[in-house]
Amino acid sequence: DTGVSQDPRHKITKRGQNVTFRCDPISEHNRLYWYRQTLGQGPEFLTYFQNEAQLEKSRLLSDRFSAERPKGSFSTLEIQRTEQGDSAMYLCASSHLDRELNYGYTFGSGTRLTVV
Amino acid sequence: SQQGEEDPQALSIQEGENATMNCSYKTSINNLQWYRQNSGRGLVHLILIRSNEREKHSGRLRVTLDTSKKSSSLLITASRAADTASYFCATDARPGSARQLTFGSGTQLTVLP
């Protein structure tokens with residue numbers, strides 16, 4: 001499978017717990033993005049990496065959120081002290097800097113987080 | 001915040017008919033992209049149109065862009081039941097090489113067999 005993989009597909013957690021999601025991008029893609037999507041809305045940008053460098057973070061990314069991309073390969077998104085408002089679909093996408101303008105992003109199937 | 005707004009929010013058509021969805025946005029853009037999302041799944045890139053292009057085709061898809069009106073349309077011809085999905089426009093408005101797509105709230109298309 002050469003697509004973008006996200007794990008887990010679903011996560012149910014109690015309020016106050018920490019959760020971590022993983023994204024494995026397409027191997028030759030040097031850019032990786034995290035988006036959040038709530039029901040009935042389009043995805044909202046959270047952060048993006050070029051190789052291992054985190055180049056931009058949205059105001060939506062509070063200090064409870066942290067993302068890493070060690071060695072410029074897979075990425076993790078951690079949410080600490082989860083709140084019910086964190087319930088959403090978390091989408092990862094990857095792209096190649098030189099081909100983005102022709103091919104856009106490749107999205108994973110997402111991780112659906114439910115905070116109870 | 002959402003930059004783009006799709007219209008209509010929901011569209012229901014018969015198989016074989018054409019479906020047209022519109023997108024309006026607020027700021028100058030580098031390019032505009034359309035994505036499809038099946039229920040509970042990730043987004044699939046359909047087509048990208050650059051700010052200096054006015055029309056683009058890909059298979060049964062036709063996209064137009066009017067930068068003076070800050071609007072775009074996506075036409076799906078000869079629709080099929082498998083085209084049932086949510087369709088989102090996304091704008092790339094950042095200068096230089098920084099990339100951050102801003103999505104609209106989507107059009108839910110239902111194609112009835």
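See the structure printed just above.
Along each chain, residues carry numbers from 1 onward, in the same order as the chain's sequence is written. Each chain gets a letter, beginning with A, and each ligand a number, beginning with 1, in the order they are written. Note on the predicted model: pLDDT of at least 70 is required for a residue's local features to be given, and 80 or more for side-chain atom pairs to be given and counted; whole-chain, interface and lining totals, by contrast, use all residues. Only heavy atoms go into the side-chain values, all of them from the structure, while hydrogens and water stay out.

Brief notes about the state of the cysteines
In this description, a disulfide is simply a cysteine sulfur pair whose atoms lie within 2.5 Å. Evaluated as defined, the whole model comprises 2 disulfides over all chains. Here Cys23(A) pairs with Cys92(A) through a disulfide, and the sulfurs are 1.9 Å apart. Handedness here is read from the sign of the S-S torsion; for Cys23(A) and Cys92(A), about -65°, the answer is left-handed. With Cys23(A) in strand β3 (residues 19-24) and Cys92(A) in strand β9 (residues 88-95), the pair connects residues that are 69 residues apart, well separated along the chain. Working definition: with a 1.4 Å probe on protein chains only, accessible area under 20% of the residue-type maximum means buried, over 50% means exposed, and in between means partly exposed. Its relative accessible area of 0% is what places Cys92(A) among the buried residues. The disulfide bridge from Cys23(B) ends at Cys89(B), spanning 2.0 Å between sulfur atoms. Torsion about the S-S bond of the Cys23(B) and Cys89(B) cystine: about 65°, corresponding to right-handed handedness. Remark: Cys89(B) occurs in strand β9 (residues 85-92) and Cys23(B) occurs in strand β3 (residues 19-24); sequence separation between them is 66 residues. For Cys89(B), a relative accessible area of 0% puts it in the buried group. Helix and strand definitions follow DSSP, with helices as H or I runs of at least four residues and strands as E runs of at least two, each counted in order from the N terminus.

Keep in mind these numbers describe shape, not what the thing actually does.
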